[in-house]
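One letter stands for each residue in the lines below.
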Amino acid sequence: RDLHSFPTRRSSDLHSRHTFAMLSVKTELAQQFLQMAAYEQAEKEMEEVRRISKQAMADVRRIVDNLKTRTLDEELNTIRTMLEMSDIDLELHNQLNVASIPTEIQFTISMILLELATNIIKHAEAKKSKIDLHSHNQDLILDVEDDGRGFKRVTGRELHSVRERLEGLDGRVEVISSQQPTIIRVRLPYRVKGDER
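Bear in mind the structure is a predicted one, so any value in this text is a computation, not a measurement.

Student: Would you explain the overall build of the protein in this entry?
Tutor: When you go through the protein residue by residue, the secondary structure sums to five helices and five strands. Taken across its 197 residues, the protein has 37% of its residues classed as buried. The long-range fraction of contacts in the protein, counting pairs at least 24 apart against all pairs at least 6 apart in sequence, stands at 68%. When the accessible area of the protein is evaluated, it comes to approximately 12,400 Å², of which 50% is carbon and sulfur surface.

In structure tokens:
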């Protein structure tokens with residue numbers, strides 16, 4: 001089981017909370033000093049707010065860069081661990097030649113699969129799940145299935161966060177089956193090297 005990513009994410013989450021708490025405190029102090037016409041102290045607090053904000057932005061960039069260097073295979077291990085820790089079995093079929101996929105596309109696929117796995121854990125009440133990754137013609141196909149309660153009705157506006165990730169990539173997401181089982185398909189246009197099917 002690949003658990004190495006969890007402590008990093010948990011510690012970065014705690015760091016983020018501490019940063020936002022500090023920003024809140026410093027901003028409130030600056031406001032109080034302004035009301036007291038203590039402009040020098042207010043300026044010092046605002047300078048601290050600027051410094052903390054700048055550091056927070058640098059931290060965010062570093063975290064995103066670290067995520068982008070993680071491979072799809074590593075994230076699939078993380079997803080399996082997430083699901084198994086939630087008592088959901090995962091059947092995984094990865095037929096993609098991962099080495100031939102650019103890191104930025106691997107990153108997008110990883111984030112979409114993490115999003116869909118999180119949805120299963122939070123909302124589906126599922127016991128079993130299946131992820132099938134393959135290529136067809138010039139598309140990468142991601143099929144995510146679960147045996148949970150599914151969608152009451154499909155309007156075409158579901159999974160908006162996944163749709164947002166696909167914007168600008170000519171990708172699309174659709175609910176192939178709304179329940180028993182629930183099947184979500186994501187298509188990303190990209191010709192995998194060596195795949196002439």
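Student: How should the pairing of strand S2 (residues 128-136) be read in this particular structure?
Tutor: Two faces belong to every sheet, and in a regular strand the side chains alternate between them. Sheet topology note: the strand S1 (residues 89-94)/S2 ladder contains six bridges and is parallel. Paired with Asp89 across the two strands is Lys128, which belongs to S2. Running through helix H4 (residues 103-124), the crossover from S1 to the neighbouring parallel element S2 is left-handed. The sheet contact formed by S2 and strand S3 (residues 139-146) spans eight bridges and is antiparallel. Note that in S3 the partner of Ile131 across the bridge is Val144. The turn joining S2 and S3, which pair antiparallel and follow one another in sequence, is formed by two residues; a positive phi near 55° is taken by Asn137.

Student: Whenever I open this one, H4 confuses me. Can you help?
Tutor: Every α-helical turn comprises 3.6 residues, leaving residues that sit three or four positions apart pointing alike. The terminal C-alpha atoms of H4, which comprises 22 residues, lie 30 Å apart, in line with the 32 Å expected from a rise of 1.5 Å per residue. Within two residues after H4, Glu125 carries a phi angle of roughly 55°, on the positive side.

Student: What should I look at first to understand the confidence of the model for the protein in this one?
Tutor: Regions with low pLDDT carry predicted coordinates that are not meant to be interpreted in detail. Residue-level pLDDT values for the protein average 83, and 83% of them are 70 or greater. Mean pLDDT per element in the protein: helix H1 (residues 5-35) is the minimum at 74, and S1 is the maximum at 96. Across residues 1-8, where pLDDT falls below 50, the model places 17 contacts with residues more than four positions away in sequence or in other chains.

Student: Looking at this structure, how should I read the pairing of strand S5 (residues 182-189)?
Tutor: The buried fraction of S5 is high, at six of eight residues. Relative to S5, S3 is paired through eight bridges, and the arrangement is antiparallel. Bridge assignment links Val144 to a residue of S5, and that residue is Ile184. In this structure, strand S4 (residues 172-178) lies alongside S5, joined through six bridges in antiparallel fashion. Of the residues in S5, the one forming a bridge with Ser177 is Ile183. The loop that links S4 with its antiparallel partner S5 comprises three residues; one of these, Gln180, has a positive phi angle of about 50°.

Quick notes on the rules
Residues numbered from 1 in each chain as written. Predicted model: local features only at pLDDT ≥ 70, side-chain atom pairs only at ≥ 80, totals over all residues. Heavy atoms only, no water. Helix = DSSP H or I, 4+ residues; strand = E, 2+ residues; numbered from the N terminus. Buried < 20%, exposed > 50% of the residue type's maximum accessible area, 1.4 Å probe, protein only. Contact = heavy atoms within 4.5 Å. Areas by Shrake-Rupley, 256 points an atom, 1.4 Å probe, with all protein chains shown as cover. Pairing = 2+ DSSP bridges. Right-handed = clockwise from strand over helix to strand, strands pointing away. Expected span 1.5 Å × (residues − 1). pLDDT = per-residue confidence, 0-100.

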